[in-house]
Amino acid sequence: MKALIKFLIRPSLFLATLTLALSLFSVATAQEAPIKVGVPTLLSGDWAGLGQNIAMTVETYKRYYLKHPVEFIFEDAKVSSADGLKAYQRLISLEQVDLLVSVASANATVAGAPLANASRTVAVSVSTGGANVDRAGDWVFRLGNSDVLNGIQQAQIFIKNGIKSVALISEETEYTQDISRAFRREFEASGGQIDYSSDFSPDTTDFRTQVVALKAKAPAAIFFTTQTGTSLALFLRQLDQLGGFGGQIHTTFTAADNPDANEIAKGKFRGLHYLAPAYNKESPKLKEFLKHYHKDHGKDPLITFHSAATVDALDLLQAYLEKHKRFDREGFRQYLLSQKNYPGLMGEFSFDAQGNANTGFVAARIEG
């Protein structure tokens, strides 16, 4: 009888032990499964250097700062709404990423926003964004600088410098139209006058009509908003062919940072005014990161604020994981909303109720 009891107990003990071991293995496996971070960005075509910079930023971050299992999946969003939507579709539906860190055009962000909201996938945009991005939904966050502030601050700079007559030429993209609308409201409300205004499609190559018309109005300055800088390069070449312009020319930061556009401009960007996205240049952590980046890649980031904002987004993810151990979509969304006066590489920022940070711009000039 005792032998029978031993026989019955031992298998039971073995099964219990096996069940516990499998359970512990399952928990450990679930906790160690990498979080999938999708990165829609520009990897080909005009301004592909932007995406290449982010790929190198992530590589450096993984090497020196990453503590948790994270898998990064890059997808080419290019600059158009259609390409941006495809990138978001692939990352959300096919790759089933847990989180998006988007370094794409505003067109791509706005196009992909409904997918992020429907799938309850947090999308943190580290690019600048305007009103449409700000209102893109509960699951879309903007860590990059505000395009609305870009337009407002540009108007204030003109008024402060006594420039009250401006020609406004705007590319028809989410990014540039947001800036232009905010600029027009602030400029006219402050006593400024827009003597000439023209919108153009991104594929425009002939600006001679605009050049002739604005020269006839003789404004004190030109404000040319461009998504990648390429259109401005063509505009300036044709402006020069038709006699040039004696007043100031202001543009968006993309012209200063795009080497492809600078090549087309053939030096004509030199001396142009723009607003550069603000970030904390004195941050010790940013300085450390830039040293690592330069050591890894032999150069500085093409767009430093994109790198800084990407690091901030990944630092926030890691801080959440340190506190909660496992990634939860709704939990991470609430965690971001709770951040007030966060001391990031972008500077001190908070997310408002719509998930937007409060970073602005600083006046700059293209010297090289």
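Just above sits the structure.
Structural notes, computed from the coordinates. (Residues numbered from 1 in each chain as written. Predicted model: local features only at pLDDT ≥ 70, side-chain atom pairs only at ≥ 80, totals over all residues. Heavy atoms only, no water.)

1. Examining the overall build of the protein chain
Check the secondary structure of the protein chain and you find 14 helices and 13 strands. Over its C-alpha atoms, taken along the principal directions, the protein chain stretches across nearly 110 × 40 × 35 Å. Within the protein chain, buried positions represent 51% of all 368 residues. Sequence separation of 24 or more characterises 71% of the internal contacts of the protein chain that already satisfy a separation of 6 or more. Counting 38 positive and 38 negative side-chain charges, the protein chain places the averaged centre of each group 6 Å from the other. (Helix = DSSP H or I, 4+ residues; strand = E, 2+ residues; numbered from the N terminus. Buried < 20%, exposed > 50% of the residue type's maximum accessible area, 1.4 Å probe, protein only. Contact = heavy atoms within 4.5 Å. Lys, Arg positive; Asp, Glu negative; His and termini not counted. Charge placed at Lys NZ, Arg CZ, Asp CG, Glu CD.)

2. Some details on the side chain of asparagine 53
Residue placement: asparagine 53 occurs in helix H2 (residues 48-64). Within polar-contact distance, the side chain of asparagine 53 engages the backbone nitrogen of leucine 302 at 3.4 Å. Excluding residues within four positions of it along the chain, asparagine 53 makes contact with Tyr293, Pro301, Leu302, Ile303, His306 and Ser307. (Polar contact = N/O pair within 3.5 Å; in protein donor to acceptor, adjacent residues only side chain to side chain.)

3. Brief notes about the packing of H2 against helix H12 (residues 284-297)
The N-to-C vectors of H2 and H12 enclose an angle of 110 degrees; their axes lie 10 Å apart at closest approach. Between H2 and H12, the crossing angle belongs to the class labelled roughly perpendicular. Facing Asn53, Met56, Thr57, Glu59, Thr60, Tyr61, Arg63 and Tyr64 of H2, the residues of H12 in contact are Phe289, His292, Tyr293, Lys295, Asp296 and His297. Residue composition of the contact of H2 with H12, by class: five nonpolar, five polar and four charged. (Axes fitted to C-alpha atoms, helices over the stretch in contact; angles between N-to-C directions. Parallel < 35°, antiparallel > 145°, perpendicular 65-115°, else oblique. Nonpolar A, V, L, I, M, F, W, Y, C, P; charged D, E, K, R; others polar.)

4. Some points on empty space enclosed by the protein
Within the structure shown, the criterion is met by two cavities of 30 Å³ or more. Put simply, the largest cavity is a space of about 140 Å³. Trp47, Ala104, Ser105, Ala106 and Thr254 are the residues nearest the centre of the largest cavity, which is lined by 14 residues in total. Grouping the amino acids of the lining of the largest cavity by side-chain chemistry returns eight nonpolar, six polar and no charged. (1 Å grid on protein atoms, 1.4 Å probe; cavity = no way out; pocket = protein on both sides within 12 Å on 5 of 7 lines; lining within 4 Å. Points joined across faces, edges and corners; volume = space filled by probe spheres on them.)

5. Here we look at the pattern of salt bridges
Counted by the stated rule, this structure contains 15 salt bridges. Aspartate 134 is the partner of arginine 142 in a salt bridge, and the nearest nitrogen-oxygen pair spans 2.8 Å. The same class applies to arginine 142 as to aspartate 134, namely buried. Residue arginine 181 pairs with aspartate 178 through a salt bridge whose shortest N-O separation is 3.1 Å. (Salt bridge = Lys/Arg side-chain N within 4 Å of Asp/Glu carboxyl O.)

6. Quick word on the environment of lysine 323
Following the sequence through the fold, lysine 323 ends up in helix H13 (residues 304-324). When the C-alpha atoms of lysine 323 and leucine 91 are compared, they prove to be 27 Å apart, with 232 residues separating the residues in sequence.

7. Focus on the pairing of strand E4 (residues 122-125)
With burial as the criterion, each face of E4 is covered, one bearing Val122 and Val124 and the other bearing Ala123 and Ser125. The pairing of strand E3 (residues 99-102) with E4 spans four bridges and is parallel. The partner of serine 102 across the bridge, within E4, is serine 125. A crossover connection joins E3 to the parallel E4 through helix H4 (residues 106-119); in handedness this β-α-β unit is right-handed. (Pairing = 2+ DSSP bridges. Right-handed = clockwise from strand over helix to strand, strands pointing away.)

8. Concerning the nonpolar core
Counting 86 residues, the largest nonpolar core has Val37, Leu99, Leu143, Phe183, Phe235, Phe269 and Phe332 as the members making the most contacts within it. Looking at this core, the element that brings in the most residues is H13, giving 10 residues. Not counting residues within four places of it along the chain, the set of residues in contact with phenylalanine 183 comprises Gly151, Gln154, Ala155, Phe158, Val166, Leu168, Ile194 and Phe223. If you look at the next biggest cluster of nonpolar residues, it comprises 11 residues, including Leu91, Leu100, Ala123 and Ala136. (Core = buried A, V, L, I, M, F, W, Y, C linked by side-chain atoms within 4.5 Å.)

9. As for the sheet that holds strand E1 (residues 35-41)
Reading across from one edge, E2-E1-E3-E4-E5 is the order of the five strands in this open sheet, with parallel pairing throughout. Strands with a single pairing partner mark the edges of an open sheet, and in this sheet they are strand E2 (70-76) and strand E5 (140-142). For this sheet, the mean angle separating the axes of adjacent strands, direction not counted, is 20 degrees. Pairing geometry for E4 and E5, over three bridges, is parallel. Across the sheet, the residue bridging to serine 125 is arginine 142, located in E5. On the sheet, helix H3 (residues 81-94) packs against E1, E2 and E3 and is oriented at approximately 150 degrees with respect to E2. Here helix H14 (residues 329-337) sits on the sheet and contacts E3, E4 and E5; the angle it forms with E4, its principal contact strand, is near 35 degrees.

10. Some thoughts on helix H6 (residues 147-160)
Taking 1.5 Å per residue, 14 residues should reach 20 Å; H6 reaches 20 Å between its end C-alpha atoms and fits that length. Just downstream of H6, glycine 162 is the residue with a positive phi angle, here 75 degrees. (Expected span 1.5 Å × (residues − 1).)

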